[in-house]
There are 2 protein chains.
Amino acid sequence: MELVTIDDIRTAARQVAGHVVRTPLLEASWGDPDRPLWVKPESLQPIGAFKVRGAFNAIGALIAGSDPVSGVVAYSSGNHAQAVAYAAAIYGLPAHIVMPEETPAVKIDATRRHGARVVLCAAGQREIVAEQVAAETGAVMIPPFDHPGVIAGQGTIGLEIAEDLPEVRSVFVPVSGGGLASGIGTAIKALCPRAVVIGVEPELAADTAEGLAQGRRVDWPITDRNRTIADGLRSQPSELTFAHLQNVLDEIVTVSEAEIRSGVRELAFRARLVAEPSGAVALAGYRKVAAPAGPAVVILSGGNVAPEMLGQILSG
Amino acid sequence: MELVTIDDIRTAARQVAGHVVRTPLLEASWGDPDRPLWVKPESLQPIGAFKVRGAFNAIGALIAGSDPVSGVVAYSSGNHAQAVAYAAAIYGLPAHIVMPEETPAVKIDATRRHGARVVLCAAGQREIVAEQVAAETGAVMIPPFDHPGVIAGQGTIGLEIAEDLPEVRSVFVPVSGGGLASGIGTAIKALCPRAVVIGVEPELAADTAEGLAQGRRVDWPITDRNRTIADGLRSQPSELTFAHLQNVLDEIVTVSEAEIRSGVRELAFRARLVAEPSGAVALAGYRKVAAPAGPAVVILSGGNVAPEMLGQILSG
């Protein structure tokens, strides 16, 4: 299987420049003394999550290609839907976003506000319906993680970390479908070979931790994975991302729901950043394991959290 | 009276580089269509507020000067205290911070954590006690706003706005002692002459709005100013900052307590940024007045808010 390379990620950086925020690496005075803590706040991206990087890279590469592009399709109820809708609008392409009927109205509205057409479907039918939409409209599918261009786009985060903090010793990344960790891990391994890359998963959706231990992908029922509050981390790696994770992760740790909530509070009160639960998982991992002494970076992957849930977590 | 110039601000930018965060200018998709909104998140600075810029510039210039410096003194219960303590620690200088006895323990602890000596005093005695400490120790006073080096340091924010968004048409800045608005206004007037600079004050501490209307400083009793939830905006300009404000502000608007709270919520849920009430006042001003069509920037000045207050505002 062909893996994404550091050159792919460098190309992606040129592709997404000007479209995504070059997020600052923020030094946190409240880390462990021997592991100075830095936060990479991808919550500051347009649409509030790192997903715009992969979307701009994949769609940008499509447009730059030789085939005419009539539109894009994505299936997602979360940040990937917003990212594809947003990037398509900037590039002037029609976007069709397939979402389950039970998606909260606020997310459907947000997607429509970017000019996308929303196609509602029954739960569990997203992928099939998206394939149908692609076949009917000729639009090209932009998958949330199982795509080299998406992985390379997310990898630009690793490139920026290497530029801003070349002496980094550990990088904590949340793991779900694995696109983010695959991309960042590839960049860090190429540019900062002394650094360890540590994946972090919720205990309640720890299929990848189990899979890496067994040396093969394992399947957890979606009803199990749905138990975690970290609703952005309920997917499972594809063959492509799993191969990357085997290659670039030095370790994977799991964190409890209470640890995730505590991470959201710490980010709000000490870093003054709003994180969705999935976005606080990397910090929870940093708090949990003894990584090597030296500078540590945690990825704050996104900040889209319902007001009621945020209020409830912060008062907890 | 000699006012701070754009050259002073350029010098300050060199002085503070590497010590403060070059904050990104974040495009917000949720502004008015004819006035695209951008947020300058100074809450991402170390200590969570713009005050580090003035502190690093003033203390850096002291150290670069010909006289030996034995330490610095500041009086403040808020962000300026943290900023001076933080900057002094980085420069390896002793810091003496004078705080009223009723200062919340959490702020006293935070100041001590930066290695500063905290001197408690009776309410209303801060300035006198700070003068005494300076006389006894030989340390140099770093005032919160009545100081050209502090004004020039805060002005580096304006320099960055002009670099990132030269076509800016309006800049909204909170006004209290006036150091921030003086510095930013000076930079914007020099570099983006088409832009209007709009000061924003809480209605409950609107001494500067009244003073500018009358053409002279007016004094509001501190018991009146203390009514606003925006606890960083309870000071009044000095002669030096008032002269700058007369020069650089095109307009000053006042906002209600409800509008400030609504700004905190909007920043948390739409920009994913934690703002203290003072930090949301500029956005409240943007929502209130009809500024010229074209790109608008609001300064999010700081994000230090007690957990209970934040929880209460977000659930409101």
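Bear in mind that the values here come from a model prediction, so they are computed numbers and not experimental data.

A. Representation of the pairing of strand E2 (residues 35–41) of chain A within the structure. All names here are of chain A. The buried count for E2 comes to six of seven residues, which makes it a mostly enclosed element. Where strand E1 (residues 26–32) meets E2, four bridges bridge the pair, whose relative direction is antiparallel. Looking at the pairing, leucine 26 lines up with valine 39 of E2. Connecting E1 to the next strand, E2, in antiparallel fashion are two residues. Where E2 lies against strand E10 (residues 296–300), five bridges are found, and the strand directions are parallel. Looking across to E10, one finds that valine 39 is bridged to valine 298.

B. The packing of helix H6 (residues 148–164) of chain B against helix H7 (residues 179–191) of chain B, seen in detail. Residues and elements named next belong to chain B. Between H6 and H7, the shortest axis-to-axis distance is 7 Å and the interhelical angle comes to 40°. Classified by the interaxial angle, the pair formed by H6 and H7 is oblique. By crossing handedness, the relation of H6 to H7 is classed as right-handed. Where H6 approaches H7, its residues Ile151, Gln154, Gly155, Ile157, Gly158, Leu159, Ile161 and Ala162 are matched on the opposing element by Gly179, Leu180, Ser182, Gly183, Ile184, Ala187, Ile188 and Leu191.

C. Layout of the packing of aromatic side chains. Scanning the model with the defined rule gives six aromatic pairs over all chains in all. Between B:Phe172 and B:Tyr286 the ring centres are 5.8 Å apart and the planes differ by 85°, which places this aromatic pair in the edge-to-face class. On the criterion of sequence distance, the pair formed by B:Phe172 in strand E7 (residues 170–174) and B:Tyr286 in helix H12 (residues 281–288) is long-range, its members being 114 residues apart. B:Phe172 gets classed as buried once you look at its relative accessible area, which sits at 0%. Among the aromatic residues, ring-to-ring pairing joins A:Phe56, A:Tyr86 and A:Tyr91 into one connected group.

D. Broad picture of the domain arrangement of chain A. All names here are of chain A. For chain A, the domain assignment lists domain 1 (6–50 + 148–315) and domain 2 (52–141). In this structure, domain 1 and domain 2 have C-alpha centres spaced 24 Å apart. With 25 residues of domain 1 at the contact, the number on the domain 2 side is 16 residues. Interface area, domain 1 with domain 2, both sides summed: about 1,500 Å², of which 57% is carbon and sulfur. Broken down residue by residue, the surface that domain 1 buries against domain 2 is led by Gln15, His19 and Ile47, which jointly contribute 40%. For the pair domain 1 and domain 2, the interface holds two salt bridges. A salt bridge links glutamate 160 to arginine 53, with the nearest nitrogen and oxygen atoms 2.9 Å apart. Looking at the side of domain 1 that touches domain 2, the elements that each hand over two or more residues are helix H1 (6–16) and helix H6 (148–164). If one sorts the elements of the side of domain 1 that touches domain 2 by residue count, H6 sits on top with eight residues.

E. Inspection of the packing of helix H11 (residues 257–270) of chain B against H12(B) at higher detail. Residue and element names in this part refer to chain B. Where H11 contacts H12, the two axes come as close as 8 Å, and the packing angle between them is 105°. Relative to H12, the element H11 lies roughly perpendicular. Here Glu259, Ile260, Gly263, Glu266 and Leu267 of H11 lie close against H12, whose contacting residues are Val281, Leu283, Ala284, Arg287 and Lys288. Residue composition of the contact of H11 with H12, grouped by class: five nonpolar, one polar and four charged.

F. Looking closely at the confidence of the model for chain A. Put simply, chain A has an average pLDDT of 95, and 100% of its residues get 70 or more. Reported confidences for the modelled complex are a pTM of 0.95 and an ipTM of 0.94.

G. Structural view of the relation of the copies chain B and chain A. For the pair chain B and chain A, the superposition axis carries a translation of 0.0 Å, the fit reaches an RMSD of 0.0 Å, and the rotation angle comes to 180°. Such a turn and shift between the copies fits a two-fold axis. Closest approach to the rotation axis among the C-alpha atoms of chain B is made by B:Leu273, whose C-alpha sits 2.5 Å away. Of all interface residues in chain B, 100% are interface residues in chain A too; the two copies therefore contact each other through one and the same surface.

H. Summary view of the sheet that holds strand E4 (residues 95–100) of chain B. Residues and elements named next belong to chain B. The sheet built from four strands is open, its strands ordered E5-E4-E3-E6 with parallel pairing. Two strands close off the open sheet at either side, each with one partner strand: strand E5 (117–121) and strand E6 (140–141). Relative to E6, strand E3 (residues 72–75) is paired through two bridges, and the arrangement is parallel. Bridge pairing in E6 links valine 72 to valine 140.

Calculation criteria
- Residues numbered from 1 in each chain as written.
- Chains lettered and ligands numbered in written order.
- Predicted model: local features only at pLDDT ≥ 70, side-chain atom pairs only at ≥ 80, totals over all residues.
- Heavy atoms only, no water.
- Buried < 20%, exposed > 50% of the residue type's maximum accessible area, 1.4 Å probe, protein only.
- Helix = DSSP H or I, 4+ residues; strand = E, 2+ residues; numbered from the N terminus.
- Pairing = 2+ DSSP bridges.
- Axes fitted to C-alpha atoms, helices over the stretch in contact; angles between N-to-C directions.
- Parallel < 35°, antiparallel > 145°, perpendicular 65-115°, else oblique.
- Left-handed = near helix turned anticlockwise from the far one by under 90°.
- Contact = heavy atoms within 4.5 Å.
- Phe/Tyr/Trp six-rings, centres within 6.5 Å; stacked < 30°, edge-to-face > 60°.
- Domains from an automatic or database assignment.
- Buried area = accessible area lost by both parts, 1.4 Å probe.
- Salt bridge = Lys/Arg side-chain N within 4 Å of Asp/Glu carboxyl O.
- Nonpolar A, V, L, I, M, F, W, Y, C, P; charged D, E, K, R; others polar.
- pLDDT = per-residue confidence, 0-100.
- Least-squares fit on C-alpha atoms with pLDDT ≥ 70 in both.

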